[in-house]
Every structure is written in C-alpha cells, then in structure tokens.
Amino acid sequence: MSRALSRFDCDVLVVGLGPVGAALAALLGQRGVNVIALEKDADVYPLPRAVHFDHEIMRLFQQLGLAEAVLAHARPVPDYEFRAADGQVLMRLPRAQASPSGWGAGYMFHQPSLDALLRAKAVETGADLRLGWRLEGFAQDPAGVTAEVVGPRGAAAIRARYLVGCDGAWSPVREAIGGGLFDYQFDEPWLVVDVEAGEGARLPEVNIQLCDPARPTTCVLGGPGRHRWEFMLLPGESDEQMLADGVVEQLLAAWDCGDLKIERKAVYRFHGLVANRWRAGRAMIAGDAAHQTPPFAGQGMCSGLRDAANLAWKLEAALRGRAGEALLDTYQTEREPHVRAAIALAIGMGRVVCTLDPAAAEARNAGMLAGGGSPLPPIRPSAFAAGSVLAGSAAAGSLFPQPTVGDGVERVRLDDRLSPHAWLISRATPTVAAPEGVCLVDPGRADLAPFRPALTAWLEKQGAEAVLVRPDRYVFGTGAPAALLAAWGEALDAAAAALASAP
C-alpha cells in the first residue's frame, strides 16, 4: 500500500450536516472518534422543515448534553385530532402522559435552532466541520475511503477509514453505493406553509388532520410561537399556482387565526422510499439518503436520528478493534424494519386524510364515528428480532426504559448517572470482569439507590438475573451476567478475524 493510502485524515468522513449528520458527528466525537464533516452550504438552513421529534430522540439529545437547550426551542406535542370538513372530531389521539424514555411522548420544535445546537455540539466534541465543502466522488480500498472534495480554496482529497452519507433525499453517496430504491408508490404533492404568530393570534391548541375531500389539510404546532399548515394539491393544480401571490393568504384566512407572518411556503412531494442498500464496504448512508417518510406520523427526522444512534456505537467498536466488519452489517438489519413500520404508519394515516371522493369520505367518517376500528395500521413494537441482539432472550431488541425520580427541576434521570458505554445491570453486585466498552453497574451504588426499585422491577418482569444494554439504549439481551458478556463478545466479533485481515 502506498504511503498516501496508509495515512488517514480522519476515522469517519460525514457528508451532510443536517440534523442526522450533525448528530452522528457529535455522537462519534463524544466517543473519541476523529471526524471530518462536510456541508455544501455555509450556514444552517434558516427555515423550518421537520417540526416533531419523539421521546426517544429527546433521550438522544440528553445523551449529547443538549436536552435543556433543545427544550428552549420546543414544546410538548398536544392532542391529535382527525376532523371532518365541518369540524366534527372523528378521532382523537390523546397526548401520552408518560414514555419509556423518561421524557414527554413528543415535542414540536424549531429545526434551525436545533441544527445550530447539534453543529455546536459536534464542534465541542472535536469534530472538524467544513462548511461550504461538497463531495465530488470517492473510491474505496480494503483499508479506507479516499474522497474527492471541493471547498472554498479549491479541490482536495480526504482519506478516511469510513464514509457516511447523510446527504439528503438526492444523495450522491447513495447513488455511488448503488442498489436503487424501493418505492411505496405513495406520491402526493402538498403545499407546506410555516408561520410566525403575531400578537393576539388565535391558533389551534391541538394538532389537526382535516379530512376534507375538498382540500385535505394538516394544521400542527411548530416551535414556540410558530405554526404549520399543509394543504394537499388537488388534481390539475400546479406548484406555480399554489405559490402565487395571495393563494396562501386565502387558504389561511379560512382558519381565522388573526395576525400571522408567513415564514415559508413550498410545495413538496410526500414520498415513501427505502434504499435497497445502506452499506457498501466502507461507505454507508443514513437519514433521508436511506429512507424518506411521509410526514403524517412525524417520524422522518426521528428515523434518521435513530440511524445515527445505531451507527455511531458500531463504527466506534469497529474502529477500536472491538468488533469486526460484520457488526456494521447489522445496521440495516436492525434499522430497516423500524423504518418500514414508520413509513407504513405514515402512509396509512395519509390515505385516511387524502381521500378526495365525497362518498368515500362520508363512509370513512361514518366508520370512524361508529368506532368500528381504527383506520390506521397498527404500530409495530420497537423490538427487532435480528441483528446485534441475543435472540430468544426476554426483551432483546427492545428500548430499555429510563427511570426518573423527582419532579420539575429536581428530576433526575438514570442515563445521567451512568456511562455512555454499554451497561450490564444485574440484581446483585457483579462478580465478572468488565470488558472494554461495557460498564458493570453495581446496584449497591449509593447514587443509584433511587432507581433500584424500578430496575429490580424491570428485571423481575423479564424473569432475568441481568440485562446488557447497548450504547444506543436498546437491550442486547437478558440472562446470567457471565453468559451475557460472552454472548456480547461473540456478537461484536471482537476476535482476531477482523484484525488479522486488516492491512
């Protein structure tokens, strides 16, 4: 191998600094991984795009030390109502009062503020953010990736051990990986309008799906002081027509909300797409590059941030020699079923809302009012059965709950008392040796005393002596401590096979 190819500029090159790329850079940097991240735009995109994230994503922000800062730009998700054209409530989905992650069930937020926080955190963790740089192409070899890039001072090459494309729906990295896209054949054009509320504005206090065959409409909260409407384009309407002066104002006037300042208006096509291949050798994709979800269930950005959490600890383990390349294959194995479940839910909700035939809409309304069963597909449980899990053990592949104690500013959460690594939590003081990357949690620790009842109750419910929790807070498996650690080592493939084949 030439000297040029044996030298590395970074461990991981992240392409794209939307929320997924910035979170991945921060998570890797937090683990001591050397990261360079490229973004073709010099500044954070200044207008809202995503407006919702759920409890699991807030737990991820907590892991990054950003929860309180994010809360300044967010508010709890309200009730969610499906309404008929005349305003009658067809179905109400009440806001959940609790979640397994120790946070509210969901939040409405302002994305530009979140993007700025994530980028600042990535810099704080040591990531090298190169704004105004774009990827031109890359080539792989057995040891790494050589990327051709263009920045403010011209062309350059970056040598990395791995490359992750978080470069959006039109991802050049996905195109280079190949494999194509699976298309759910759901393609609906919608006009998206974001507004800032003026003094005295009268805005709905719930999220609304208006199931009006004359114009299906979504109305939801944004970040503090902001609101969003989405209006479905009808057959024959063009993007230009809907964006013409006065059209948006007329659509908003029907809601009689008072003083509103239009912040953004754009026509989007809501897609359901999944890349067939998420990894080729040392190049991977995440977020919109790997999957695109219609917005009806608010899971688009959430799915991408789950990608980042799943991929970060696996890349770190591979880079440290604790795992072989096979661990990276479990990334798509685990994440794709989650993504497909989210897309199915969103499309199911969209098909309910997007009914344009008045007779079909009337029948739908009657069925919903009669309580003849939810028109939505069931939400699949979060557990995954295959991947880096101890198959067959209780709770394997499920999200491990985060107990909390206290209220308000006095509330304390379990994750803040433990390391960012994997955890082995057992009923008794562990007598096994801790391998690298695993924290043995002694239940007798004084600072864990407030959480002991909840942890013991969880283990008793599973009928388990101990649980091994992965760094992304999904359960690897349950059982006896020694057996769990042995299975964890086998799952990571940390032995000589991967190292022996390395140059």
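Below or above, wherever it landed, is the structure these notes cover. (Residues numbered from 1 in each chain as written. Predicted model: local features only at pLDDT ≥ 70, side-chain atom pairs only at ≥ 80, totals over all residues. Heavy atoms only, no water.)

**With respect to the overall build of the protein**
A tally of regular secondary structure across the protein gives 14 helices and 25 strands. The C-alpha radius of gyration computed for the protein amounts to 24 Å, which stays within 12% of the reference 23 Å derived for 503 residues, consistent with globular compactness. Principal-axis analysis of the C-alpha atoms places the extent of the protein at approximately 65 × 60 × 40 Å. Per-residue burial over the protein gives 52% buried out of 503 residues. Once the 47 positive and 57 negative side-chain charges of the protein are each reduced to a mean point, those two points are 4 Å apart. (Helix = DSSP H or I, 4+ residues; strand = E, 2+ residues; numbered from the N terminus. Rg over C-alpha atoms; globule rule 2.2 N^0.38 Å. Buried < 20%, exposed > 50% of the residue type's maximum accessible area, 1.4 Å probe, protein only. Lys, Arg positive; Asp, Glu negative; His and termini not counted. Charge placed at Lys NZ, Arg CZ, Asp CG, Glu CD.)

**What about the pairing of strand E9 (residues 134-140)?**
Relative to strand E10 (residues 145-151), E9 runs antiparallel, the two being bridged by six bridges. If you follow Gly137 over to E10, its bridge partner there is Glu148. The antiparallel pairing of E9 with E10 creates a hairpin that spans four residues between the two strands. (Pairing = 2+ DSSP bridges.)

**Here's the deal with the sheet that holds strand E4 (residues 74-76)**
With respect to topology, three strands assemble into an open sheet ordered E3-E7-E4, the strand pairing being antiparallel. Edge positions in the sheet fall to strand E3 (52-54) and E4, since each of these pairs with one other strand and no more. Each adjacent strand pair in this sheet contributes to an overall mean axis angle of 30°, direction not counted. Its contacts with the sheet put helix H3 (residues 55-63) on E3 and strand E7 (106-109), and the angle it makes with E3 is roughly 80°. (Axes fitted to C-alpha atoms, helices over the stretch in contact; angles between N-to-C directions. Contact = heavy atoms within 4.5 Å.)

**What about the sheet that holds strand E6 (residues 89-93)?**
Reading across the sheet, the eight strands line up as E6-E5-E13-E14-E15-E12-E16-E19 and stay open at both edges, with mixed pairing between neighbours. Across the chains shown, the open sheet's two edge strands, defined by having one partner strand only, are E6 and strand E19 (291-292). Two strands pair when backbone bridges link them, and strand E12 (residues 181-197) and strand E15 (residues 226-232) are joined in this way by seven bridges, in the antiparallel orientation. Looking across to E15, one finds that Trp190 is bridged to Met232. Lying on the sheet, helix H11 (residues 358-369) is in contact with strand E5 (80-84), E6 and strand E13 (207-211); it crosses E6 at an angle near 55°.

**Considering the pattern of salt bridges**
Taken as a whole and assessed by the stated rule, the structure comprises 33 salt bridges. Note that Asp194 and Arg264 form a salt bridge whose closest N and O atoms lie 3.0 Å from each other. Separated by 70 residues along the polypeptide, Asp194 in strand E12 and Arg264 in strand E16 (residues 260-275) bring together distant segments of the chain. Like Asp194, the residue Arg264 is buried in the burial classification. A salt bridge links Arg226 to Glu196; its shortest N-O distance comes to 3.7 Å. Placement of Arg226 in strand E15 and of Glu196 in strand E12 is noted, with a sequence separation of 30 residues between them. (Salt bridge = Lys/Arg side-chain N within 4 Å of Asp/Glu carboxyl O.)

**Notes on the nonpolar core**
Among the nonpolar cores identified, the biggest contains 93 residues, and Leu13, Phe53, Phe61, Phe82, Val164 and Leu315 are the most heavily contacted of them. At 10 residues, the largest contribution of residues to this core is made by helix H10 (residues 326-353). (Core = buried A, V, L, I, M, F, W, Y, C linked by side-chain atoms within 4.5 Å.)

**Some words on the environment of Arg413**
Relative to the helices and strands, Arg413 resides in strand E21 (residues 412-413). According to the relative accessible area criterion, Arg413 is buried, its value standing at 12%. Between the C-alpha atoms of Arg413 and Ser113, which are 300 residues apart in sequence, the distance is 25 Å. Residues within four places of Arg413 in sequence aside, it is in contact with Gln62, Gly102, Trp103, Gln402, Pro403, Thr404 and Phe451.

**A look at H10**
If you check H10, its first and last C-alpha atoms are 42 Å apart, about what 28 residues at 1.5 Å a residue would give, namely 40 Å. Its axis deflected by about 25° at Glu336, H10 carries its strongest bend there, up to four residues before the proline Pro337. Of all 28 residues that make up H10, 21 are buried, and the element is covered over most of its length. (Expected span 1.5 Å × (residues − 1). Bend = angle between axes of the 7 residues up to and from the residue.)

**Observations concerning the packing of helix H2 (residues 19-30) against helix H9 (residues 300-319)**
Direction vectors running N to C along H2 and H9 enclose 25°, while the axes themselves pass 9 Å from each other. Taken as axis vectors, H2 and H9 run roughly parallel relative to one another. In this structure, H2 meets H9 at a crossing whose hand is right-handed. Residues Pro19, Val20, Ala23, Leu24, Leu27 and Leu28 of H2 pack against Met301, Gly304, Leu305, Ala308, Ala309, Ala312 and Leu315 of H9. Looking at the contact of H2 with H9, its residues break down into 12 nonpolar, one polar and no charged. (Parallel < 35°, antiparallel > 145°, perpendicular 65-115°, else oblique. Left-handed = near helix turned anticlockwise from the far one by under 90°. Nonpolar A, V, L, I, M, F, W, Y, C, P; charged D, E, K, R; others polar.)

**Quick notes on the environment of Ile57**
Note that Ile57 resides in helix H3. Given a relative accessible area of 1%, Ile57 falls into the buried group. Between the C-alpha atom of Ile57 and that of Ala309, which follows or precedes it by 252 residues, the distance is 9.4 Å. When sequence neighbours within four positions are dropped, the list of residues in contact with Ile57 reads Cys302, Leu305 and Arg306.

Purely geometric numbers; function is a separate question.
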